[in-house]
Amino acid sequence: MALKDITLGQYFPGNSFIHRLDPRTKLLAVILYIVALFLAKSFVTYGIMLAVLVSSIAISKVPPKSILRGMKPILFIVVFTAVLNLFYTPGEHVLAQFWIFTITLEGVLQAFFMVIRIMMLIAGTFLLTYTTSPILLTDGLESLLNPLKAVKVPVHELAMIMSIALRFIPTLIEETDKIMSAQRARGADFESGNLMQRAKALIPLLVPLFISAFRRADELAIAMECRCYHGGQGRTRLRQLKYRGADYGVLIGFVVLTVGVGVLGRLGF
């Protein structure tokens, strides 16, 4: 797996229908989409969710290769989860049995649905960051969490921290790639050996990476202070968030989707 395969936090500028939606709409839609995914129980409901995901990707005009490439880092987690569900899900229809492992039809279906669920969940959340800039994500999240200000929750600061953390992921990945290239030029080997030896070979990366991360954080703090940033109190925004007809239509559609998938799941579909 190459570091360039990690695409979380990247933003693909565009003018598609999904790009133009209010960030609050996209955040709520993703939440409803995740709820619907966990309510899906069968091929019918998962088929509906897959159709929604594929349609959203097509409308967003985000390259499907970018989403597939971004899933490579979670491949191990997906395979591990599938194996656990495959061997440790009890059932009446035994397909194979060896030593302490038993494969049942229920286990195969559970493993299949779990893999599909994880991949669709990751793809849906990736689509959110691919079509929404970090600034708009911050504004949308802060607006949604505004009611918590009544109980003295620092909503603006929390939203800003999350946005900066998300924005710094591609930056740190790029910095790690540069450090690895520099150390390879000096004879370092990160590819040979078993898993433990490869892990030990990565330890020398940590010190320069942490130094670079702290330096960037310090530079960002100084830049924000120079621009008189003192939290969210009294701040105004260049772009005022406002719901449009399309936003209401999308939200209603995802509410209907979530309720519909839940009802179909109850009926055994």
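This report concerns the structure included in the present document.

About the criteria used
Residues numbered from 1 in each chain as written. Predicted model: local features only at pLDDT ≥ 70, side-chain atom pairs only at ≥ 80, totals over all residues. Heavy atoms only, no water. Phe/Tyr/Trp six-rings, centres within 6.5 Å; stacked < 30°, edge-to-face > 60°. Helix = DSSP H or I, 4+ residues; strand = E, 2+ residues; numbered from the N terminus. Buried < 20%, exposed > 50% of the residue type's maximum accessible area, 1.4 Å probe, protein only. Lys NZ or Arg CZ within 6 Å of the ring centre and 35° of its normal. Core = buried A, V, L, I, M, F, W, Y, C linked by side-chain atoms within 4.5 Å. Contact = heavy atoms within 4.5 Å. Patch = residues over 30% accessible without salt bridge, like charges linked within 9 Å, V, L, I, M, F, W, Y side chains within 5 Å. Areas by Shrake-Rupley, 256 points an atom, 1.4 Å probe, with all protein chains shown as cover. Salt bridge = Lys/Arg side-chain N within 4 Å of Asp/Glu carboxyl O. Pairing = 2+ DSSP bridges. Axes fitted to C-alpha atoms, helices over the stretch in contact; angles between N-to-C directions. Parallel < 35°, antiparallel > 145°, perpendicular 65-115°, else oblique. Left-handed = near helix turned anticlockwise from the far one by under 90°. Nonpolar A, V, L, I, M, F, W, Y, C, P; charged D, E, K, R; others polar.

**Some points on the packing of aromatic side chains**
For step 1, the next point in the chain: All told, the structure shown has nine aromatic pairs when counted by the stated rule.
For step 2, the next point in the chain: A centroid spacing of 4.9 Å and a plane angle of 5° characterise the contact between Tyr-46 and Phe-113, whose relative ring orientation is stacked. Of the two residues, Tyr-46 sits in helix α3 (residues 43–60) while Phe-113 sits in helix α6 (residues 105–131), which places them 67 residues apart along the sequence. Like Tyr-46, the residue Phe-113 is buried in the burial classification.
For step 3, the next point in the chain: Note on Tyr-243 and Tyr-248: the rings are 5.6 Å apart at their centroids and 40° apart in plane angle, and the pair reads as tilted.
For step 4, the next point in the chain: It is Arg-24 that lies over the ring of Tyr-243; its NZ or CZ is 4.2 Å from the centre.

**Concerning the nonpolar core**
For step 1, the next point in the chain: Tyr-33, Met-49, Ile-67 and Met-120 are the most contacted members of the largest nonpolar core, which totals 31 residues.
For step 2, the next point in the chain: Looking at this core, the elements with two or more residues in it are α2 (23–39), α3, α5 (75–88), α6 and α11 (245–266).
For step 3, the next point in the chain: Here this core gets eleven residues from one element, more than from any other, and that element is α6.
For step 4, the next point in the chain: If sequence neighbours within four positions are ignored, Met-49 has contacts with Tyr-33, Ala-36, Leu-37, Met-120, Leu-257 and Val-261.

**A few points about a nonpolar patch on the surface**
For step 1, the next point in the chain: Taken together, the side chains of Phe-43, Leu-95, Leu-105, Val-108, Leu-109 and Phe-112 define a hydrophobic patch exposed on the protein surface, amounting to about 520 Å² of accessible area.
For step 2, the next point in the chain: Inspection of the secondary structure puts Phe-43 in helix α3.

**A word on the pairing of strand β1 (residues 94–98)**
For step 1, the next point in the chain: Pairing analysis gives four bridges linking β1 to strand β2 (residues 101–104), with the strands arranged antiparallel. Among the inter-strand pairings, Val-94 is bridged to a residue of β2, identified as Thr-104.

**Let's talk about unusual backbone geometry**
For step 1, the next point in the chain: Positive phi, close to 65°, is recorded for Lys-61, a residue that is not glycine.
For step 2, the next point in the chain: Relative to the helices and strands, Lys-61 resides in the loop between α3 and α4 (64–70).
For step 3, the next point in the chain: Take Lys-61: its relative accessible area is 70%, and that puts it in the exposed class.

**Quick word on the pattern of salt bridges**
Where charged atoms of side chains with opposite charge meet at close range, the side chains can pair.
For step 1, the next point in the chain: Applying the stated criterion to the full structure yields five salt bridges.
For step 2, the next point in the chain: Between Asp-22 and Arg-24 there is a salt bridge whose closest N-O contact spans 3.0 Å.
For step 3, the next point in the chain: Residue class for Asp-22 comes out buried when judged on its relative accessible area of 3%.
For step 4, the next point in the chain: Two residues, Lys-178 and Glu-174, come together in a salt bridge whose shortest N-O distance is 3.7 Å. Residue Lys-178 and its partner Glu-174 are located together in helix α8 (residues 155–185), separated by four residues, close to a single helical turn.

**Describing the packing of α5 against α6**
The geometry of a pair of packed helices is captured by two quantities: the angle between their axes and the separation between those axes.
For step 1, the next point in the chain: At a minimum axis distance of 8 Å, the contact between α5 and α6 shows a crossing angle of 155°. Of the possible angle classes, the one that applies to α5 and α6 is roughly antiparallel. The chirality of how α5 crosses α6 is right-handed. Contact with α5, carried on its side by Val-78, Thr-81, Ala-82, Asn-85 and Leu-86, involves Gly-107, Val-108, Gln-110, Ala-111, Met-114, Val-115, Ile-118 and Met-119 of α6 and no other residues of that element.
For step 2, the next point in the chain: Here the residues of the contact of α5 with α6 are counted per class, giving nine nonpolar, four polar and no charged.

**Here's the deal with the environment of Leu-241**
For step 1, the next point in the chain: Within the element layout of this structure, Leu-241 appears in the loop between α10 (203–226) and α11.
For step 2, the next point in the chain: A residue is classified by how much of its surface remains accessible, and Leu-241, at 21% relative accessible area, is partly exposed.
For step 3, the next point in the chain: Sequence spacing of Leu-241 and Pro-23 is 218 residues, and the spatial spacing of their C-alpha atoms is 8.2 Å.
For step 4, the next point in the chain: In contact with Leu-241, other than residues within four places in its own chain, are Asp-22, Pro-23, Arg-24, Leu-136, Asp-139, Gly-140 and Ser-143.

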